[in-house]
Amino acid sequence: MASLRLLARGRHRVRFSAPLAVPGERVAFLSGAAEEVPQADAPPPPSPGRKVLESFREEFEIGGRVIAFETGKMARFANGSVVISMDDTHVLSTVAAAKSSEPVRDFLPLTVDYQEKQYAQGVIPTTYMRREGAPKERELLCGRIIDRPIRPLFPRGFYHEVQIMVNVLSSDGKQDPDVMAVNASSAALMLSDIPWNGPIGVIRVGRIDGNFVLNPTVDELGLSDLNLVYACSLDKTLMIDVQAREITERDLQAGMKLAHSEAVKCIDPQIRLTKRAGKEKKEYKISLISDKSYEKIRTLSEAPIEEVFTDSTYSKFERGEALENIAQSVKEKLEEECDEDSLKFLQKAVDTVRKQVIRNRIIERGLRLDGRQLDEVRPLYCESSTYPALHGSALFSRGDTQVLCTVTLGAPGDAQRLDSIVGPPTKRFMLHYSFPPFSINEVGKRGGLNRREVGHGTLAEKALLAVLPPESEFPYTVRVNSEVMASDGSTSMASVCGGSMALMDAGIPVREHVAGVSVGLVSEVDPTTGDISSYRILTDILGLEDHLGDMDFKIAGTRKGITAIQLDIKPAGIPLDIICESLEPARKARNQILDRMDQEISSARAINDGSSPRLATLSFSSDSLRKLLFHKKGIERETGARVSVSDGTVTIVAKTQPIMDKALEKVEFLVGREIEVGKTYKGTVSSIKEYGAFVEFNGGQQGLLHISELSHEPVSKVSDVVSVGQMLSLTCIGQDVRGNIKLSLKATLPHLPKKKDLASKDADCLPSQGVVGWTAVENMPSKNAADVEPSISKDEDDMIEDTPACSTPSVIIRSAADCDAQDGPTEKRSKVAKSSPKLSKPVRKQQEGRKAAPKKTSGALTAKKNKKEKAEDSASDGLVVIQEQNKSYTQKYTSSSNSGTMKLGDIVTAKVYQIRAYGLVLELSDGVRGMHKFKENERKIFEVGEELPVKCSSFNAKGIPVFSLLD
């Protein structure tokens, strides 16, 4: 066993005899492997050879930047592959085609896949799987940019499946790779064996300060008022895509002519590269109907089709149904004749006949399907605020095309995040276009992102973006939804019109309306030269005119100029002169639509309407932001508002103003704001000292409320005025020498006149004879109940905040002796004993006169006492209530039902004017105020303004009535 272990460890060599050993082979010994026995004369293994990749490169220059095509190094198995480079941006385009096509296919299945992987900019994807997912909107749009100029150049009848795949290999963030991708795809098709009538050249043109810029960088595009992508062949235009800031038609024509002269510079390098490395074009099967079959189908269908198109009363679906019946009748006749070849191409042939009939009517006689003139716009319908509950809504109809647009406002944090390798990271304005199947009376599934929907929505979005206010003036995130309700041509331009009205309905301060219209073209080509011999330009085309015509030229803008353009064509190019000629009828039609839109709504509504959200933007320090982030969810849960934090800015969005006020108060209390002298803040008393109280406010900051700042009157004890946990509104009055914040409560209270001033005023109003009462005249309550606050003793907790401010008292409480001293000499006075005072006759007479008018009280409770009982009550208290003859000295306490002189035991209804720590300040109906002191086991939860039944139980030393609560 030990020897076997040694063998397993390779410590012993095993050498076999010649018959058992085969040079260069391995043999097995037991269950282990015996090592190979090297031969002394065996040659060493050859080293791997060096593979040489033959590549071809062509360079050219446009706008001062060097562009290069390279092939042979990457994707060598693809039918055609090209890497295009500009500075440090490199884009790979590959093309492949299926070897055979389906026999019944009558269209070109061209697929363009454009992808921007994050490694191109040195970034790992932020998705959960850390991989790129489904195509993003930008990738779909770049795919459309590639598809639109390339598709018309494939030969008729070529229905093989073709796939173009574009990958961005590296990006420096300076150049947008989309234009480079189109040129690379054109070069790849030229190098392949796929039949294609190229090449094409594509260029981007910008304009900065009135000067055109060729192939501008991303930073330069931010300064440009024009973003023109132009594709062409040597002599014809293939595709135009424009985003502009109200550029005039004249300036746009100049930009397109410059773009054409520069774009053709991309064509010669592709031709040279094809001569060096291109493949010979392969003969693919072309699916074309024979002339004999086409003539047979045309003879059977032309006359009835002409009859349908002659009747302009047909609606869209009625016309379609009639044409379908014609095709079915032709099919039945072909089936009777057993003409299989004609049946195979029946639908395509009937469609060609329809196209020829319509084109002849338009070119020869100028007659359109619905009887309109060539430059006539269909009837319009505009309606704003279709659904008032939404932030903004509008309904726009042009003919049978109908679009509903809605606007939703959100916080800046609601902006769409863009994971593009170039351009801004977010987008705050979005227009989402939806084309449901019911809009054309069909059945279909609703899936994910649709290339057509994304393209139409982006076109309308670019058209409206030019008139939006800057972010500094309008920080909202805006989402426009365009729902196509019915489609009969140019729904994207209807989305522009409806979206513009919905933006104004939402209160967004757009500068002016934007409208759009689609212009079509019907042309006749000379078969010998291939040039257009005659043509007609159609304004506001129908869906069928778009399908059977040569061009769909969508133009949107304001009265000042163009904001967006998208040109799609069907033939292999259109002369630039015809396209420039189409701009003028589009401008006239656009102005007509703008006039109708202005009649419905011409300016933005008030954004503070009930349906619009409220938005507030605040700035805080980094420490405050950290504190806010900690409480963010709590604020949203308690208030219902949405709080977003980004770049040192806090944005609050609330549905209503009360929610916004509550959220702002919560944020300021938790986080605080910059303290300013003279501003008022809300705070909570945290502790009480002999010299004052410490208050926590403004997000946790501490301030000192000194005892001298509690009230306009002297305060002997801080706890008589405030208590721990009480919330106060305080004014910042500065800082002390140590930097502590000084707060004031009396600065928020109404200013009290000085006692000397009040005494002098009251003295002027007193009667000539001296009246000696228990209290000084200046401290007595007065007639006007809205100005002056009396001074209250400290044991009454500073309960009354505001006191009437008239000059003299009307009810004076004196002793019986004082009353006798004031009576006239002609009247008899009875002696009053100090220990047992009695009412004198004059007093009794005055009280009898007063009792003659019965006093009503609130409720059913009325304290009726006769003169004797009243006199005894007053005598027992050692007090006499004297009504002065001067009416200005009579203070009347008013109940809820009537006004009378306040006496002990009167029952009235009073409102809670102020809630203090130890009692209530009560206000009667005429403004006179009294007080109520809390007792043990008595409810202490009241609301300001609450009405309470009370009873006058006493008067304090200064004549203020003291009330007790009734059950």
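**Overview of the pairing of strand β12 (residues 237–247)**
Along β12, nine of the 11 residues are buried, which leaves the element largely enclosed by surrounding structure. In this sheet, β12 lies alongside strand β11 (residues 226–232) in antiparallel orientation, the contact comprising seven bridges. Counted as the bridge partner of Asn227 is Gln243 from β12. With antiparallel pairing between neighbouring strands as the criterion, β11 and β12 make up a hairpin whose turn holds four residues.

**Section: the pattern of salt bridges**
Counting across every chain of the model gives 45 salt bridges. Glu58 is paired through a salt bridge with Arg272; the nearest N and O atoms lie 3.1 Å apart. Here Arg272 lies in helix α6 (residues 267–277) and Glu58 lies in strand β3 (residues 56–62), a separation of 214 residues in the sequence. Relative accessible area serves as the criterion here: at 11%, Glu58 is assigned to the buried category.

**A look at the pairing of strand β30 (residues 727–735)**
By the bridge criterion, five bridges tie strand β27 (residues 680–689) to β30 in an arrangement that is antiparallel. Counted as the bridge partner of Gly683 is Leu728 from β30. Where β30 lies against strand β31 (residues 741–744), four bridges are found, and the strand directions are antiparallel. Within the sheet, the bridge partner assigned to Cys732 lies in β31 and is Leu743.

**Some points on the sheet that holds strand β10 (residues 211–214)**
The strand order β10-β9-β11-β12-β23-β22-β20-β21 describes an open sheet built from eight strands, whose pairing is antiparallel. For this open sheet the edge positions go to β10 and β21 (532–539), each flanked by a neighbour on one side alone. Strand-to-strand, the axes of this sheet are offset by a mean angle of 20 degrees, without reference to chain direction. Where strand β20 (residues 515–525) meets β21, seven bridges bridge the pair, whose relative direction is antiparallel. When the bridges of β21 are listed, Leu521 appears paired with Ile537. On top of the sheet, helix α5 (residues 249–263) reaches β9 (201–208), β10, β11, β12 and β23 (562–569); it is set at about 45 degrees to β11, its chief contact. Together, β12, β22 (551–557) and β23 form the strand contacts of helix α11 (residues 451–465), whose direction differs from that of β23 by roughly 155 degrees.

**Points about the state of the cysteines**
A full pass over the atoms with the stated rule returns zero disulfides. Distance from the sulfur of Cys266, which forms no disulfide, to the nearest cysteine sulfur (Cys232) is 8.4 Å. According to the relative accessible area criterion, Cys266 is buried, its value standing at 1%.

**Comments concerning the confidence of the model for the protein chain**
Of the residues in the protein chain, 78% have a pLDDT of 70 or more, and the chain-wide mean is 79. Mean pLDDT in the protein chain bottoms out at strand β33 (residues 880–883), which sits at 35, and peaks at β11, which reaches 97. Confidence drops under pLDDT 50 across residues 1–35; counting only partners more than four residues distant or on other chains, this segment forms 20 contacts. Here residues 758–900 is modelled with pLDDT under 50, and outside its nearest four sequence neighbours on either side it reaches 247 contacts, counting other chains as well.

**Concerning the side chain of Ser397**
Mapping Ser397 onto the fold places it in strand β14 (residues 392–398). Only 3.5 Å separates the side chain of Ser397 from the side chain of Gln402, close enough to count as a polar contact. What Ser397 contacts, discounting residues up to four positions off in sequence, is Pro379, Leu380, Tyr381 and Gln402.

**Regarding the sheet that holds strand β26 (residues 649–654)**
Taken together, the three strands give an open sheet; going across it, the order is β24-β26-β25, and neighbouring strands pair in antiparallel fashion. Because the sheet does not close on itself, it has two edges, and the strands there are β24 (614–619) and β25 (642–646). The mean inter-strand angle of the sheet, taken between neighbouring strand axes irrespective of direction, is 20 degrees. Sheet topology places β25 next to β26; five bridges connect them, and they run antiparallel. Bridging across to β26, Arg642 finds its partner in Val653. Each of β25 and β26 is contacted by helix α16 (residues 622–639), which is oriented at about 160 degrees to β25, the strand it contacts most.

**Considerations on the packing of aromatic side chains**
Applying the stated rule across the entire model yields seven aromatic pairs. With a centroid separation of 5.4 Å and 85 degrees between ring planes, the pair formed by Phe158 and Tyr284 is classed as edge-to-face. Of this pair, Phe158 sits in the loop between α2 (137–150) and β8 (162–170) while Tyr284 sits in the loop between α6 and α7 (291–310), placing them 126 residues apart in sequence. Accessibility assignment for this pair places Phe158 and Tyr284 in one class, buried. Ring pairs connect the aromatic residues Phe154, Phe158 and Tyr284, which therefore count as one cluster. The ring of Tyr284 is capped by Lys282, whose NZ or CZ atom sits 5.4 Å from the centre of that ring. Residue placement shows Arg452 over the ring face of Phe435; its charged tip is 4.3 Å from the ring centre.

**Quick look at the side chain of Ser518**
Along the chain, Ser518 turns up in strand β20. What makes Ser518 buried here is its relative accessible area of 1%. Excluding its chain neighbours within four sequence positions, the residues that come into contact with Ser518 are Ser490, Met493, Leu538, Thr539, Asp540, Ile541, Asp552, Phe553 and Lys554.

**Section: the nonpolar core**
Phe154, Tyr230, Leu503 and Ile508 are the most contacted members of the largest nonpolar core, which has 129 residues in total. The element contributing the most residues to this core is helix α3 (residues 177–191), with 10 residues. Those residues in contact with Ile508 that sit more than four places away from it in its chain are Val407, Leu409, Leu468, Pro469, Phe474, Val478, Leu503 and Ala604.

**Points about helix α15 (residues 583–600)**
Taking 1.5 Å as the rise per residue, α15 with 18 residues should run 26 Å; its terminal C-alpha atoms sit 26 Å apart, in good agreement. Of the residues making up α15, those classed as buried are Leu583, Ala586, Ala589, Arg590, Asn591, Ile593, Leu594 and Met597.

**Focus on helix α17 (residues 657–670)**
In this model α17 runs 20 Å from its N-terminal to its C-terminal C-alpha over 14 residues, within 8% of the 20 Å that 1.5 Å per residue would give. Taken as a whole, α17 has its buried residues at Met660, Ala663, Leu664, Val667 and Leu670. Within α17, the buried residues cover an arc of 140 degrees as seen down the axis, which keeps them to one side. At its buried positions, α17 is contacted by β24, α16 and β26.

**Here's the deal with unusual backbone geometry**
Cis geometry is found at the peptide bond from Gly198 to Pro199, where omega equals 0 degrees. A positive phi is found at Asp209, a non-glycine position, where the angle reads about 55 degrees. As for its position among the elements, Asp209 is in the loop between β9 and β10. Positive phi outside glycine occurs at Asp540, with the angle close to 55 degrees. Relative to the elements of secondary structure, Asp540 occurs in the loop between β21 and α13 (543–548).

**Considering the packing of α7 against helix α10 (residues 346–365)**
Between α7 and α10, whose axes approach to 9 Å, the crossing angle comes to 50 degrees. It follows from the interaxial angle that α7 and α10 lie oblique. The crossing of α7 and α10 is right-handed. Seen from α7, the contacting residues are Tyr294, Ile297, Arg298, Ser301, Glu302, Ile305, Glu306, Phe309 and Thr310; seen from α10, they are Leu346, Ala349, Val350, Thr352, Val353, Arg354, Val357, Ile358, Arg361 and Arg365.

**Focus: a negative patch on the surface**
Judged by side-chain charge, Glu332, Glu335, Glu336, Glu340 and Asp341 come together as a negatively charged surface patch. Secondary structure elements with two or more residues in the negative patch: α8 (316–337) and α9 (340–344). Take the negative patch: its biggest share by element is three residues, from α8. Tracing the backbone through its elements, the reader meets Glu332 in helix α8.

**A closer look at the environment of Thr656**
Within the fold, Thr656 resides in the loop between β26 and α17. C-alpha separation for the pair Thr656 and Ala641, spaced 15 residues apart in sequence, amounts to 9.1 Å.

**So, the packing of α3 against α6**
Each pair of packed helices can be summarised by the angle the axes make with each other and by the distance between the axes. It is the contact of α3 with α6, at a shortest axis distance of 9 Å, that shows an interaxial angle of 35 degrees. Relative to α6, α3 is oriented so that their crossing is right-handed. The segment α3 lies against α6, with Asn183, Ser186, Ala187, Met190 and Leu191 engaging Gln270, Leu273, Thr274 and Ala277. Partitioning the contact of α3 with α6 into residue classes produces five nonpolar, four polar and no charged.

Conventions used here
- Residues numbered from 1 in each chain as written.
- Predicted model: local features only at pLDDT ≥ 70, side-chain atom pairs only at ≥ 80, totals over all residues.
- Heavy atoms only, no water.
- Buried < 20%, exposed > 50% of the residue type's maximum accessible area, 1.4 Å probe, protein only.
- Helix = DSSP H or I, 4+ residues; strand = E, 2+ residues; numbered from the N terminus.
- Pairing = 2+ DSSP bridges.
- Salt bridge = Lys/Arg side-chain N within 4 Å of Asp/Glu carboxyl O.
- Axes fitted to C-alpha atoms, helices over the stretch in contact; angles between N-to-C directions.
- Contact = heavy atoms within 4.5 Å.
- Disulfide = S-S within 2.5 Å.
- pLDDT = per-residue confidence, 0-100.
- Polar contact = N/O pair within 3.5 Å; in protein donor to acceptor, adjacent residues only side chain to side chain.
- Phe/Tyr/Trp six-rings, centres within 6.5 Å; stacked < 30°, edge-to-face > 60°.
- Lys NZ or Arg CZ within 6 Å of the ring centre and 35° of its normal.
- Core = buried A, V, L, I, M, F, W, Y, C linked by side-chain atoms within 4.5 Å.
- Expected span 1.5 Å × (residues − 1).
- Arc of directions from axis to C-beta.
- Parallel < 35°, antiparallel > 145°, perpendicular 65-115°, else oblique.
- Left-handed = near helix turned anticlockwise from the far one by under 90°.
- Patch = residues over 30% accessible without salt bridge, like charges linked within 9 Å, V, L, I, M, F, W, Y side chains within 5 Å.
- Areas by Shrake-Rupley, 256 points an atom, 1.4 Å probe, with all protein chains shown as cover.
- Lys, Arg positive; Asp, Glu negative; His and termini not counted.
- Charge placed at Lys NZ, Arg CZ, Asp CG, Glu CD.
- Nonpolar A, V, L, I, M, F, W, Y, C, P; charged D, E, K, R; others polar.

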